[in-house]
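Fold and contact review
Below are the chains, spelled out letter by letter.
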Amino acid sequence: MNSMLGVLARIPAFKLYRRFGWPKMLPINITLSPSPKCNSRCLTCNIWMKRENELTIAEWEKVLASLGESPYWFTISGGEPLMYPKIVELACLAYDYCKPGIINIPTNAILPSGPKRVRKILEHCTDSSVIINLSLDGVGDKHDVIRGIVGNFEKFEERLDEYFALRDEFPNLTVGIHSVVSVFSVGHLDELIAYADQSAADQFITEIAEPRVELDTVGLPITPSAEEYEYAIDRLIKYVNSKQYKGMAKITEAFRVEYYKLVKRILEEQDQVIDCQAGWASAQIYADGTVWPCCVRSDDLGNLREHEYDFGNIWFGEKIKEVRRSIREKECHCPLANASYTNMLMDAPTLAKVGMKVITPNSIPIIKPSA
C-alpha cells in the first residue's frame, strides 16, 4: 500500500516538477466525482440540478489503471457519492489499481443503504484507511432547513450510529462529522461544536462555503464575512487543540488546525500564502471525464474519453501549461480544503508544525465550548 513515508519521499520531486517541469509526476491527491446527482437540496449548493454524460465503470477502470500507484489520497465526491450505483466498484477499482493510503467519502447520511455499501468497501479495501464524513450544518431543524430535506437530521443520527457500529468491526474506518461554515450556519457554530464534542465521532472538520463552478454557486452570497469566519476559526482551533486524537484522525486534525490558520491568512491577505499544488500534486476528475486542476477553477484540461482514458496524456500535455503558469503566478487564491491539504504537505514549515503536533502528546484538558 501507498505509505505516508513514501509520499514524503516524493515531495522534493514535486517541488522540482512545479518549478522546472521535471521530473514528471502524477498527482498524489485525486478527487473522483462520478456523478453530480444528489438527494439534498442545500442552500449552499446547486450541483443536484446538473446532469452529465457520466463515465461508465468500465471507463473508470481504464482511467484508474493509467494512474498506477501514484495517488495516495482519493476523495470520492458528488453530488451524494453513495447514491452513485457503482460506488463500491469504483472504490474497489481505485484500491486494486492504485493501492491508496486513504479513501475518503463524504455523505449527507440520507440513504439507508449507505452503511451497507461502505461495509462492502471496507471488506475489500482492507489496507487503506477509509474515512466517512457525515455532513452536519445545524442541530435539529436547523440542519433540515439548510439541507432542504425534512427529517435529514434524524437520518443523520441514525446513519451516525450505524457507522459507529461499522467502526467497531473495521479498525481502518474513521467516522467524522463535517460542517460547511456558511452565512446560514456561522451563527450557530458553537452549537455544532458542542454536538460533535458529545458524539463519538473521530473528528469534527469544517470548510468555508465558497463559490465554485462545480457546484454552480458562482455569484451566490453564501460565504461568511472575513470577521465572522475569523471568529469561527478561532473557536475551531481552540476546540481541536483541546481534544486528544488517535490514528489517522490525529494526523488529519493536526493538518486541520494549520488549514484553519491558512484560511484566515488567505482571507486577510487575498493571496495564496503558500504555493498551490493544484495542477501538479492534486487534481479532480469530473463525472464526464474532464480533468480539472481543482473544482474551484474547473479549468478544462482535457477529456479522458478523447485521450484513450490515459490520465498522463492530459497531465503531461500542452493544454495544462497555461493553467500551471496562472496558478504559479498566483492569479488565483482560495481556501479549498482538499487542495490545501496537499499544499500544506508540500510546505516545509507547515509540515514541521504538523509533525511536531503528531509526535507530541496532547496534554491540554478538554475545554467544552459555551452554548
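Procedures and definitions
Residues numbered from 1 in each chain as written. Predicted model: local features only at pLDDT ≥ 70, side-chain atom pairs only at ≥ 80, totals over all residues. Heavy atoms only, no water. Axes fitted to C-alpha atoms, helices over the stretch in contact; angles between N-to-C directions. Helix = DSSP H or I, 4+ residues; strand = E, 2+ residues; numbered from the N terminus. Parallel < 35°, antiparallel > 145°, perpendicular 65-115°, else oblique. Left-handed = near helix turned anticlockwise from the far one by under 90°. Contact = heavy atoms within 4.5 Å. Nonpolar A, V, L, I, M, F, W, Y, C, P; charged D, E, K, R; others polar. Phe/Tyr/Trp six-rings, centres within 6.5 Å; stacked < 30°, edge-to-face > 60°. Buried < 20%, exposed > 50% of the residue type's maximum accessible area, 1.4 Å probe, protein only. pLDDT = per-residue confidence, 0-100. Patch = residues over 30% accessible without salt bridge, like charges linked within 9 Å, V, L, I, M, F, W, Y side chains within 5 Å. Areas by Shrake-Rupley, 256 points an atom, 1.4 Å probe, with all protein chains shown as cover. Salt bridge = Lys/Arg side-chain N within 4 Å of Asp/Glu carboxyl O. Polar contact = N/O pair within 3.5 Å; in protein donor to acceptor, adjacent residues only side chain to side chain. Pairing = 2+ DSSP bridges. Right-handed = clockwise from strand over helix to strand, strands pointing away. Expected span 1.5 Å × (residues − 1). Bend = angle between axes of the 7 residues up to and from the residue.

At their nearest, the axes of helix α2 (residues 57-67) and helix α3 (residues 87-98) sit 9 Å apart, and the two run at 25° to each other. The angle between α2 and α3 places the two elements in the roughly parallel class. By crossing handedness, the relation of α2 to α3 is classed as right-handed. Contacts from Ile-57, Trp-60, Glu-61, Leu-64, Ala-65 and Leu-67 in α2 reach Glu-89, Leu-90, Leu-93, Ala-94, Tyr-97 and Cys-98 in α3. The residue makeup of the contact of α2 with α3, split by class, is 10 nonpolar, no polar and two charged.

This part takes up the packing of aromatic side chains. A complete count under the given rule lists 10 aromatic pairs for this structure. Geometrically, the ring pair formed by Phe-153 and Tyr-195 is edge-to-face, given 5.7 Å between the ring centres and 65° between the ring planes. With Phe-153 in helix α6 (residues 152-169) and Tyr-195 in helix α7 (residues 189-198), this pair connects stretches of sequence that are 42 residues apart. Both residues of the pair, Phe-153 and Tyr-195, count as buried. On the numbers, 6.1 Å between centres and 50° between planes, the contact of Phe-156 with Tyr-195 is tilted. Of this pair, Phe-156 sits in helix α6 while Tyr-195 sits in helix α7, and the two are 39 residues apart along the sequence. Like Tyr-195, Phe-156 is buried.

In this section: the confidence of the model for the chain. Per-residue pLDDT for the chain averages 91, and the proportion of residues at 70 or more is 96%. Segment residues 363-371 is flagged for pLDDT under 50; beyond a separation of four residues in sequence, or across chains, it makes 15 contacts in the model.

The next point concerns a nonpolar patch on the surface. Taken together, the side chains of Leu-43, Val-145, Val-183 and Phe-184 present a nonpolar region at the surface, about 320 Å² in accessible area. As for its position among the elements, Val-183 is in the loop between β5 (173-181) and α7. Judged by its relative accessible area of 36%, Val-183 is partly exposed.

So, about the environment of Ser-66. Tracing the backbone through its elements, the reader meets Ser-66 in helix α2. Spatially, the C-alpha atom of Ser-66 lies 36 Å from that of Val-181, the residues being 115 residues apart in sequence. Excluding residues that lie within four positions of it along the chain, Ser-66 makes contacts with Leu-26, Tyr-309, Asp-310 and Phe-311. Within the local environment of Ser-66, its side chain forms a polar contact with the backbone nitrogen of Phe-311, the two atoms lying 3.1 Å apart.

In this section: the pattern of salt bridges. The final tally for this structure, using the stated rule, is 22 salt bridges. One salt-bridge network, in which partners are shared between bridges, spans Glu-322, Arg-325, Glu-329 and Glu-331.

Taken in spatial order, the eight strands line up as β6-β5-β4-β3-β2-β1-β7-β8 in an open sheet, and their pairing is mixed. The sheet is open, and its two edges are formed by β6 (203-208) and β8 (291-292), each paired on a single side. When strand β1 (residues 29-32) meets strand β2 (residues 73-76), the two strands line up parallel, connected through four bridges. Across the sheet, Ile-30 pairs through a bridge with Phe-74, a residue of β2.

What follows deals with unusual backbone geometry. In this structure, Pro-23 follows Trp-22 across a cis peptide bond, with omega equal to 0°. Mapping Pro-23 onto the fold places it in the loop between α1 (4-20) and β1. Look at the link from Gly-78 to Gly-79: it is a cis peptide, with omega at 5°. The phi torsion at Glu-308 lies on the positive side, around 55°, for a residue other than glycine. Along the polypeptide, Glu-308 turns up in the loop between β8 and α10 (311-315). Judged by its relative accessible area of 69%, Glu-308 falls in the exposed class.

Side chains Trp-73 and Thr-75 of β2 all project onto a buried face; the interleaved residues Phe-74 and Ile-76 project onto the opposite face, where all are buried too. In this fold, the crossover linking β1 to β2 by way of α2 has right-handed handedness. Where the polypeptide runs from β2 across α3 and back to strand β3 (residues 102-107), its parallel neighbour, the crossover connection is right-handed.

Over its 17 residues, α1 runs 25 Å from end to end, which matches the ideal 24 Å to within 8%, given 1.5 Å per residue. Along its length, α1 reaches its greatest deviation from straightness, about 35°, at Ile-11, and the proline Pro-12 lies no more than four positions downstream. Within α1, burial applies to Val-7, Arg-10, Ile-11, Ala-13, Phe-14, Tyr-17 and Arg-18. Among the structural elements, α10, α11 (319-328), α12 (337-345) and α13 (348-359) are those in contact with the buried residues of α1. Positive phi shows up at Gly-21, right after α1, with a value of about 80°.

Attention shifts here to the pairing of β6. With six of six residues buried, β6 lies mostly within the body of the structure. Here β6 shows two buried faces, one formed by Gln-203, Ile-205 and Glu-207 and the other by Phe-204, Thr-206 and Ile-208. Relative to β6, β5 is paired through six bridges, and the arrangement is parallel. The partner of Val-180 across the bridge, within β6, is Glu-207. Handedness of the β-α-β unit built from β5, α7 and β6 comes out right-handed.

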